Amino acid sequence: MSHQYLVESLKTWFRHIAALLVYLVNIVLYIRCAANPLVLLRVQVYQILELYAAVYEDLLAIPVVRGRKTEKEKFAGGDFTTTVEAYISASGRAIQVTPHAQLERPGLSG
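Residues numbered from 1 in each chain as written. Predicted model: local features only at pLDDT ≥ 70, side-chain atom pairs only at ≥ 80, totals over all residues. Heavy atoms only, no water.

Caption draft 1: Here's a closer look at the overall build of the protein. Along the protein, the regular secondary structure elements total two helices and three strands. Each helix and strand of the protein, ordered N terminal to C terminal, gives the series α-α-β-β-β. Within the protein, contacts between residues at least 6 apart in sequence are counted, and of these 39% link residues at least 24 apart. Counting only carbon and sulfur atoms, one obtains 64% of the accessible surface of the protein, whose full area is about 8200 Å². (Helix = DSSP H or I, 4+ residues; strand = E, 2+ residues; numbered from the N terminus. Contact = heavy atoms within 4.5 Å. Areas by Shrake-Rupley, 256 points an atom, 1.4 Å probe, with all protein chains shown as cover.)

This is the structure we're talking about:
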């Protein structure tokens, strides 16, 4: 076996292990949050926020700031809004790259 083949095999194996761990963590979250679906929805919003941030940081090498919008900035009808923002040094401005709203759900309380 070549060295490159071994390295690629290990990378693939570690990706599968990481996916399995994420799956197991999600199962634990679902079990722990089953009594309160609103808590589960909030957890999912922050998981999605982390996925967005990982794409920008890990794949595109763009540093980002994760945050939660104020009451005045949140989306209408939303319980809260999270965001990932990046700084553009060439223009000296920050841009909002991924807003994500936790919408209110009728019949759920948390």
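Caption draft 2: Representation of the nonpolar core within the structure. Membership of the largest hydrophobic core is limited to five residues, which are Leu49, Ala53, Val64, Val84 and Ala86. Of all elements in the fold, only helix 2 (37–59) and strand 2 (78–88) reach the threshold of two or more residues within this core. Sequence-distant contacts of Leu49, that is, excluding residues within four places in its chain, are made with Arg66, Thr82, Thr83 and Val84. (Core = buried A, V, L, I, M, F, W, Y, C linked by side-chain atoms within 4.5 Å. Buried < 20%, exposed > 50% of the residue type's maximum accessible area, 1.4 Å probe, protein only.)

Caption draft 3: Structural view of helix 2. The end-to-end C-alpha distance of helix 2, which contains 23 residues, comes to 32 Å, matching closely the 33 Å that a straight helix rising 1.5 Å per residue would cover. Those residues of helix 2 not exposed but buried are Leu38, Leu40, Leu41, Val45, Leu49 and Ala53. (Expected span 1.5 Å × (residues − 1).)

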